[in-house]
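Close look at the chain arrangement
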Amino acid sequence: MTNTFAMTGGATGIGAAVKEKLRAEGHRVIVIDLKDADVVADLSKPQARGKALEQVADLAPEGLDGFIACAGLGPHVQPASLIDRVNFFGAVATIEAAMDLLKKKNGVVVAVGSNSSVLPGLDQNHVQALLDGDEERACELVDTLDGQNAYGGSKNALTRWVRQQAPALMKQGVRMNAVAPGMTTTPLTDRVFEDETYGQAMRDFSQMIPCGEIASPDMIADAILFLLSPASRYVCGSVLFVDGGQDALIRPDCY
Ligand SMILES: NC(=O)c1ccc[n+]([C@@H]2O[C@H](COP(=O)([O-])OP(=O)(O)OC[C@H]3O[C@@H](n4cnc5c(N)ncnc54)[C@H](O)[C@@H]3O)[C@@H](O)[C@H]2O)c1
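The rules behind these values
Residues numbered from 1 in each chain as written. Predicted model: local features only at pLDDT ≥ 70, side-chain atom pairs only at ≥ 80, totals over all residues. Heavy atoms only, no water. Patch = residues over 30% accessible without salt bridge, like charges linked within 9 Å, V, L, I, M, F, W, Y side chains within 5 Å. Areas by Shrake-Rupley, 256 points an atom, 1.4 Å probe, with all protein chains shown as cover. Salt bridge = Lys/Arg side-chain N within 4 Å of Asp/Glu carboxyl O. Lys, Arg positive; Asp, Glu negative; His and termini not counted. Charge placed at Lys NZ, Arg CZ, Asp CG, Glu CD. Helix = DSSP H or I, 4+ residues; strand = E, 2+ residues; numbered from the N terminus. Buried < 20%, exposed > 50% of the residue type's maximum accessible area, 1.4 Å probe, protein only. Pairing = 2+ DSSP bridges. Near = heavy atom within 4 Å. Polar contact = N/O pair within 3.5 Å; in protein donor to acceptor, adjacent residues only side chain to side chain. Nonpolar A, V, L, I, M, F, W, Y, C, P; charged D, E, K, R; others polar. Contact = heavy atoms within 4.5 Å. Expected span 1.5 Å × (residues − 1). Bend = angle between axes of the 7 residues up to and from the residue. Axes fitted to C-alpha atoms, helices over the stretch in contact; angles between N-to-C directions.

1. Description of a negative patch on the surface
- On the surface, Asp 132, Asp 134, Glu 140 and Asp 143 cluster together into a patch of negative charge.
- Counting through the fold element by element, Glu 140 comes out in helix α5 (residues 135-142).
- Judged by relative accessible area, Glu 140 falls into the exposed class, the value being 55%.

2. What about the pairing of strand β2 (residues 28-33)?
- Of all the six residues making up β2, five are buried; the element is thus mostly covered by neighbouring parts of the structure.
- Taken together, the five bridges between strand β1 (residues 4-8) and β2 define a ladder with parallel strand orientation. From the neighbouring strand, Met 7 faces β2, where its bridge partner is Val 31.
- Where β2 and strand β3 (residues 39-40) come together, two bridges link them in parallel fashion. When the bridges of β3 are listed, Asp 33 appears paired with Val 40.

3. A short note on the site of the ligand
- Around the ligand, 31 residues are found, and the nearest of them are Thr 12, Ile 14, Asp 33, Tyr 151 and Thr 186.
- Contacts to the ligand include Thr 184, whose backbone N or O atom sits 2.8 Å from an oxygen atom.
- Between the ligand and Thr 186 there is a distance of 2.6 Å, counted from an oxygen atom to a side-chain nitrogen or oxygen.
- Computed on the free molecule, the ligand has an accessible area of 820 Å², of which 95% lies beneath the protein chains in the complex.
- Of all the elements in the fold, those that place two or more residues in the shell around the ligand are α1 (13-24), α6 (147-171) and α7 (187-194).
- At four residues, the largest contribution of residues to the shell around the ligand is made by α7.
- Grouping the amino acids of the shell around the ligand by side-chain chemistry returns 15 nonpolar, eleven polar and five charged.

4. Some words on a nonpolar patch on the surface
- Together, Met 208, Leu 249 and Ile 250 make up an exposed nonpolar region whose accessible area comes to about 260 Å².
- Considering the arrangement of structural elements, one finds Met 208 in the loop between α8 (199-206) and α9 (217-228).
- According to the relative accessible area criterion, Met 208 is partly exposed, its value standing at 37%.

5. Description of the side chain of Thr 186
- With respect to the helices and strands, Thr 186 occurs in the loop between β6 (175-181) and α7.
- Residue Thr 186 is classed as buried on the basis of its relative accessible area, which comes to 10%.
- Not counting residues within four places of it along the chain, the set of residues in contact with Thr 186 comprises Gly 13, Ile 14 and Pro 217.

6. Side note on α6
- Counted at 1.5 Å a residue, the expected span for α6 with its 25 residues is 36 Å, and the 37 Å between its end C-alpha atoms agrees.
- Where α6 bends most, at Gln 165, the angle is about 40 degrees, and the proline Pro 167 comes one to four residues later.
- With a side-chain oxygen lying 3.0 Å from the backbone nitrogen of Gln 148, the N-terminal cap of α6 falls on Asp 146.
- Gly 173, located one to two residues past α6, shows a positive phi value of around 95 degrees.

7. Quick notes on the sheet that holds β6
- Judged by pairing direction, the sheet is parallel, and its seven strands sit side by side in the order β3-β2-β1-β4-β5-β6-β7 without closing on themselves. Of all the strands in the sheet, just β3 and β7 (239-242) have a single pairing partner and so form its edges.
- Where strand β5 (residues 108-112) lies against β6, five bridges are found, and the strand directions are parallel. Across the sheet, Val 112 pairs through a bridge with Val 179, a residue of β6.
- Packed on one face of the sheet, helix α3 (residues 81-104) meets β1, β4 (66-69), β5 and β6 and runs near 175 degrees to β4.
- Packing of α9 onto the sheet brings it into contact with β1, β4, β5, β6 and β7, and relative to β6 it is tilted by some 165 degrees.

These figures come from the coordinates and say nothing about function on their own.
See the structure below:
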């Protein structure tokens, strides 16, 4: 059966792997991205988010079988407010704007978080401002934080938002989960490795991965396809860590 999916961030990296796997299975995938996309949109801009989904609705008026919020920026990006605007507000606003289309087909949502979302010491005022949906306050606070705290906070809030919303959405027929990738070989990671401030710490961190290698985008995409598929039909509001065992290594008693 051919299904219709829409996704953000399908141009490169993990998103491109998801797009290619879904298309190889014969599905239709509508990509929203800055470039190489069916719908070109800059999700850091509040007004662009709803407009992007209006274009998706024009392309798929029958509805969506799934939506993947994958677009994201890494911890090296400046100003850090861009990280909040894309990773949290861009994701939440596009998922919300896709909801009518998803309800038409009992669709499935996967939000791409990160295993950095559980880093210790995340600034809770920042995370709360994100969860409150206060974009200006969150962006003011995040510009005072270092990149790892900004990135981890944006993904912590996104993951908590998924869990907060998932039960009520399920009752309306839409199933939602998050995936928490570990370090993955993508253009985002290449840029962090090259970064003067974060490069060495990231290289050191990569040496600790129990599976012994950095993930390929395919490895993360396989987990996302599982969460999109009927094989995961009873999985709802979950956070699937796909990080080669790194979270279990660091936080063995948390689950
Ligand atoms: N690579 C990793 O190690 C890693 C680890 C954990 C989580 N993630 C997450 O996975 C997701 C995909 O990242 P990736 O590693 O594949 O990186 P990537 O840079 O290859 O892909 C990110 C995509 O998002 C798009 N994007 C960025 N800013 C945008 C904007 N303003 N508007 C629209 N699209 C925009 C980019 O054009 C790109 O296609 C991100 O959410 C990232 O935070 C990545």
